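Summary of structural features
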Amino acid sequence: MYLLIFTQFGFFTLFYLDIQFVAQEEAAVHFNNFKLQLHHQPLRLTNKPLIDFLLQQALSIAAKHHFPVQFHTGYGDPDLDLRLANPLNLRYLLESPQFCSVPIVLLHASYPYMREAGYLASVYPQVYLDFGLAIPFLSVSGMRQAIQQLLELAPTTKLMYSSDAHSIPELYYLGAKWGRQILAEVLEQAIRDSDITVAEAESISVEILRSNALVLYQSAHETSPSL
Ligand SMILES: [Zn+2]
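Rules of the game
- Residues numbered from 1 in each chain as written.
- Predicted model: local features only at pLDDT ≥ 70, side-chain atom pairs only at ≥ 80, totals over all residues.
- pLDDT = per-residue confidence, 0-100.
- Contact = placed C-beta atoms within 7 Å.
- Buried ≥ 20, exposed ≤ 12 C-beta atoms within 10 Å, placed from the backbone.
- Helix = DSSP H or I, 4+ residues; strand = E, 2+ residues; numbered from the N terminus.
- Pairing = 2+ DSSP bridges.
- Right-handed = clockwise from strand over helix to strand, strands pointing away.
- Core = buried A, V, L, I, M, F, W, Y, C linked by C-beta atoms within 7 Å.
- Axes fitted to C-alpha atoms, helices over the stretch in contact; angles between N-to-C directions.
- Parallel < 35°, antiparallel > 145°, perpendicular 65-115°, else oblique.
- Left-handed = near helix turned anticlockwise from the far one by under 90°.
- Nonpolar A, V, L, I, M, F, W, Y, C, P; charged D, E, K, R; others polar.

Looking at the protein as a whole, the pLDDT averages 89, with 90% of positions reaching at least 70. For residues 6-12, every residue scores under 50 in pLDDT, and the model assigns this stretch 13 contacts once sequence neighbours within four places are set aside.

In this section: the pairing of strand β3 (residues 104-107). Alternating residues of β3 divide into I104 and L106 and V105 and L107, and every residue in both groups is buried. Pairing geometry for strand β2 (residues 69-72) and β3, over four bridges, is parallel. The residue of β3 that forms the bridge with Q70 is V105. Relative to strand β4 (residues 127-130), β3 runs parallel, the two sharing three bridges. The residue of β4 that forms the bridge with V105 is Y128. Taken together, β3, helix α4 (residues 114-123) and β4 constitute a β-α-β crossover, and its handedness is right-handed.

This part is about the nonpolar core. Ranked by internal contacts, the top residues of the largest apolar core, which has 49 residues, are A117, L129, F131, A134, A146, I147 and L150. When residues of this core are assigned to their parent elements, the largest contribution, five residues, is made by helix α6 (residues 140-153). Excluding residues within four positions of it along the chain, A146 makes contact with A109, Y111, M114, F131, A134 and L138.

For the bond from Y111 to P112, the omega torsion is 5 degrees, close enough to zero to count as cis. Among the structural elements, P112 can be located in the loop between β3 and α4. A cis amide bond links I135 with the next residue in sequence, P136, at an omega value of 15 degrees. Looking at the secondary structure, you find P136 in helix α5 (residues 134-137). In this model, H66 sits at a positive phi of 60 degrees, which is unusual for a non-glycine residue. As for its position among the elements, H66 is in the loop between α2 (48-65) and β2. The exposure class of H66 is partly exposed, given the 16 C-beta atoms found within 10 Å.

Next up on the list: the packing of α6 against helix α7 (residues 170-192). Here α6 crosses α7 at 60 degrees, and the two axes come no closer than 9 Å. Classed by the angle they form, the pair α6 and α7 counts as oblique. As α6 packs across α7, the resulting crossing turns out to be right-handed. Residue-level contacts link M143, R144, I147, Q148 and L151 of α6 to W178, I182, L183, E185 and V186 of α7. For the contact of α6 with α7, the class distribution of residues is seven nonpolar, one polar and two charged.

Here it is in C-alpha cells:
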C-alpha cells in the first residue's frame, strides 16, 4: 500500500518540491478563497500553501501507517517548471522529524537531476529511487547515463525499476526490455571497472528489478492496518 501524490494530474497539482509548513488556520483561509473561485469549472488546485498543507496531512497518515509516498521529480509533465522539480528542493520535508519515518520514493530518475537524487538516497535513510519514465523514454545513451549516475552514490538496495507505462501496452514491453538491457550494460561495466563482482552484479540486478520494491511496498502493506 502506498500513497501517490500526483504532481500534475487532476486534483492535486504540486508545482514546487520546496514544501513548507503551513498552519491549519492559514490553510483554512486559502481553502475558503479557493471555494469562492469555483464556478463549476474543472477543479485544478494550484494554491501552494493549500497544497503544502494537504501534503502535510497525507504525510502524517503515511507516517502513521508506514506508507511509502511517491513524488514525481524531474521531468515528465509538460507544464512543470523543471527548475522547481529538482529533488534537492525536498530538503525541508526530508529534514522534518515528524516525516523522517516516511519512505519517500523519487520517481522518473529525477531526470536530469540523477546525481542529486542519488546523493539524497545516500544521505537520507528514507529516500528511495525509481527510474521509470527515464527508461524507456530517453535515448539509449541517456538511459545508460541515467542509471550510471543514480548508482554513483545511491545504495543498490534503494534503486527500483518500474515501467511507468500507461495508455498503450507497448510501453510495458519497452520498459521491461530496456530496463533489463540497460541495467545489464551498466552492471557489466561496473564489473569491468572492478567496482563489483559478477556475483554482486547478479544480486544487485535482482534487488533493482524485483526485491527492493517487494521489500518496500510489501512491508508497508503488511504493517499497515486496513483503512
Ligand atoms: Zn510518472
